[in-house]
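A look at the structure
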Amino acid sequence: MHDINPLARELNKQIRTTTPTMYSLLSDLGKRIYLPKGILSQSAEASVNAHIINATRAVALEDSQLMSINASHEMMSKLSPESIYGYPPILGNTELRKQWQTRLRTQNPLLTEAQISLPIVTSGMTQGFSLLADLFVNAGDTLILSDKCWGNYRIIFRTKTGAVIRAYPFFNSEMCLNIKAFSQRLIENETDKVAILLNFPHNPTGYAITRHEAQQISDAIVLCAENGCNILVMVDDAYAGFWYDADVLQESLFGMLVGCHTNVVTVKIDGATKEEYAWGLRVGFLTFGLPENVMHPIEEKLSGLIRANTSGAAQVSQTLLLEAMNSADYDQQKQRNYETLKARAMKIQQITQDQRYENLWDVYPSHAGYFICLSLKFGNAETVRKVLLNEHGIGTIALNGTELRVAYSCIDLDDIEMVINKIAQVVQLQV
Ligand SMILES: Cc1ncc(COP(=O)(O)O)c(C=O)c1O
């Protein structure tokens, strides 16, 4: 088991001082767990001080309001008490599960004929990862993860479960996905079991893979499987559908991996969170790349875990999602929101890559999703973040010393130039 993080140690010290009995009751996990400083604390700071623009949160805003699908918003008053307050089945509303599966097949041509399970509803995608960690990962097991990634993976798999993370650099020197480093991690692996987590469109960079890269990822996994290793591949599709670049794969890598080798179990983790502009509804899905007829015992085990945990995702959230998906103008509303985000993505890419900023930062390739990420050539991203926030009222996220993540999903098109100019001004001061 890894060392206790200093933040957890500090919390333990406080608990031991104020309530020693409570401290002596803490479990091992209770002693290890803490809330990392990072995106959440920076977002909390921004929610107080970012009075001009708050581009920290992974949500989508328009005119300072959350973007939404009107169909689901207007639905609330029309729902039956049962569909709001009743208990849903433990694995989720059956009709919703079927429709999500149909939708996966429609949106992912590689899945049209593929053997996939009925998606299982989770309380947000986070719970999906947590369930997978509980079901498949022991303390000391290996998880292969890129160095740039959504921070919650580390809390779930390392802090909670005790997995050993074998990170690889996300980019190579050509600023493409570092497939060589990824493959190397698999080749080096000496255990007979490994978990892999892949996320495209990617948080924090917005990188999406080409079909060729997807094939290379699949080849590396199959090679490792052929050497006898059993592999769990988790495909995080939080930002599926938000592809703005015609050259990248416009569907999930999951489709490429389903059935790729008998030693590989692939799971797609996705949800309403981003795809349906429903961050707080807390509806996620786990879909296994396995035929439905083998799923019964796995579903029973997941039911046990869900029962022992949240006992299921909220009924009203599932109802709202299903109703919205069935509404007449659902597709148009989604398309409209997509076009809004795409226009921002195009604009922010064009502006951040302008020659006048080439001495200030490199822009990581961003083809999709909610974010753009700048690699600053001067100064410290945390200092830049603080100045932007406290002196200009602009919230951004500082990562890894020199990287600044900007959620353009939260910036109206007309404000993008102003935000980038302000960032440039502040970075310039660091020279
Ligand atoms: C890469 C990635 N995966 C998953 C999630 C979130 O999932 P949820 O809010 O449904 O738990 C996020 C949210 O920011 C994310 O960025």
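Residues numbered from 1 in each chain as written. Predicted model: local features only at pLDDT ≥ 70, side-chain atom pairs only at ≥ 80, totals over all residues.

Let us look at the overall build of the protein. Scanning the protein for helices and strands turns up 18 helices and 15 strands. Across its three principal directions, the C-alpha atoms of the protein cover 60 × 55 × 50 Å. For the protein, contacts bridging at least 24 residues in sequence account for 74% of all contacts bridging at least 6. (Helix = DSSP H or I, 4+ residues; strand = E, 2+ residues; numbered from the N terminus. Contact = placed C-beta atoms within 7 Å.)

You can see Arg-103 is positioned in helix H7 (residues 94-107). Residue Arg-103 is classed as partly exposed on the basis of its 15 C-beta neighbours within 10 Å. (Buried ≥ 20, exposed ≤ 12 C-beta atoms within 10 Å, placed from the backbone.)

Across the sheet, seven strands lie side by side as E4-E10-E9-E8-E7-E5-E6; this open sheet has mixed pairing. Every interior strand has two partners, whereas the edge strands, strand E4 (120-123) and strand E6 (164-168), have only one. Neighbouring strand axes in the sheet, compared pairwise and without regard to direction, differ in orientation by 25° on average. In this structure, strand E5 (residues 142-146) lies alongside strand E7 (residues 193-199), joined through three bridges in parallel fashion. Residue Ile-144 lies in a different strand from E7, and its bridge partner there is Ile-196. Most of the contacts of helix H11 (residues 211-226) go to strand E8 (residues 230-236), to which it runs at about 160°, and overall it touches E7, E8 and strand E9 (264-271). (Pairing = 2+ DSSP bridges. Axes fitted to C-alpha atoms, helices over the stretch in contact; angles between N-to-C directions.)

All right, on to the site of the ligand then. For the ligand, the full set of nearby residues is Ala-58, Gly-124, Met-125, Thr-126, Trp-150, Asn-199, Asn-203, Asp-236, Ala-238, Gly-271, Thr-273 and Gly-284. Ranked by residues supplied to the shell around the ligand, first place goes to helix H8 (residues 124-136) with three residues. Class assignment for the residues of the shell around the ligand results in four nonpolar, seven polar and one charged. (Near = placed C-beta within 6 Å. Nonpolar A, V, L, I, M, F, W, Y, C, P; charged D, E, K, R; others polar.)

This next bit is on the packing of helix H10 (residues 179-188) against H11. Relative orientation and spacing of two packed helices are given, respectively, by the angle between their axes and the distance between those axes. Running from N to C, H10 and H11 cross one another at 15°; their axes reach a closest spacing of 9 Å. Here H11 runs roughly parallel to H10, going by the angle between their axes. Regarding H10 and H11, the two cross each other, and that crossing is right-handed. In this structure, H10 contributes Ile-179, Phe-182, Ser-183 and Leu-186 to the contact, and H11 contributes Glu-213, Gln-216, Ile-217, Ala-220, Ile-221 and Cys-224. (Parallel < 35°, antiparallel > 145°, perpendicular 65-115°, else oblique. Left-handed = near helix turned anticlockwise from the far one by under 90°.)

Ile-196, Leu-253 and Leu-321 are the most contacted members of the largest nonpolar core, which has 119 residues in total. Among the elements that take part in this core, helix H18 (residues 416-430) stands out by supplying six residues, more than any other. Split by domain, this core shows at least three residues from each of two domains, domain 1 (25-67 + 332-430) and domain 2 (87-326). Leaving out residues up to four positions away in the same chain, Leu-253 has contacts with Leu-198, Phe-200, Ile-209, Ala-214, Ile-217 and Val-235. (Core = buried A, V, L, I, M, F, W, Y, C linked by C-beta atoms within 7 Å. Domains from an automatic or database assignment.)

By the assigned domains, the protein splits into domain 1 (25-67 + 332-430) and domain 2 (87-326). Between the C-alpha centres of domain 1 and domain 2 the distance comes to 25 Å. Elements with a minimum of two residues in the side of domain 1 that touches domain 2: helix H3 (28-32), helix H16 (330-352) and strand E12 (371-376). With five residues, H16 is the single largest residue contributor to the side of domain 1 that touches domain 2.

This part is about unusual backbone geometry. Leave glycine aside and you will find that most residues have negative phi; peptide bonds, for their part, are mostly trans. For the peptide bond that leads from Phe-200 to Pro-201, omega is -10°, which places it in the cis range. Looking at the element boundaries, Pro-201 is found in the loop between E7 and H11. A cis geometry characterises the amide bond from Asn-203 onward to Pro-204, with omega recorded as 15°. Position of Pro-204 relative to the elements: it lies in the loop between E7 and H11. Although it is not a glycine, Asp-63 adopts a positive phi angle of roughly 50°.

What follows is about the sheet that holds strand E11 (residues 361-363). Taking strand neighbours across the sheet as the criterion, the four strands line up as E11-E12-E15-E14 in an open arrangement whose pairing is antiparallel. Across the chains shown, the open sheet's two edge strands, defined by having one partner strand only, are E11 and strand E14 (397-399). Each strand axis lies, on average, 30° off the axis of its neighbour in the sheet, ignoring direction. The pairing of E12 with strand E15 (residues 403-407) spans five bridges and is antiparallel.

Checked against the element boundaries, Pro-36 lands in the loop between H3 and helix H4 (39-49). You can call Pro-36 partly exposed: it has 15 C-beta atoms within 10 Å. Considering only alpha carbons, one finds Pro-36 and Asn-152, 116 residues apart in sequence, at a separation of 9.0 Å. Leaving out residues up to four positions away in the same chain, Pro-36 has contacts with Leu-7, Gly-151 and Ile-155.

We now examine the pairing of E15. The buried count for E15 comes to four of five residues, which makes it a mostly enclosed element. Here E14 pairs with E15 via three bridges, running antiparallel. What sits directly across from Leu-399, in E15, is Glu-403.

An ideal rise of 1.5 Å per residue puts 22 Å on 16 residues; H11 measures up with 22 Å between its terminal C-alpha atoms. Buried within H11 we find Ala-214, Ile-217, Ile-221 and Cys-224. In a view along the axis of H11, the buried residues occupy a sector of 90°, so they form one face of it. What points out from H11, more than 90 degrees from its buried face, is the exposed set His-212 and Glu-226. Buried residues along H11 sit against H10, E7, E8, helix H12 (254-257) and E9. Just downstream of H11, Gly-228 is the residue with a positive phi angle, here 100°. (Expected span 1.5 Å × (residues − 1). Arc of directions from axis to C-beta.)

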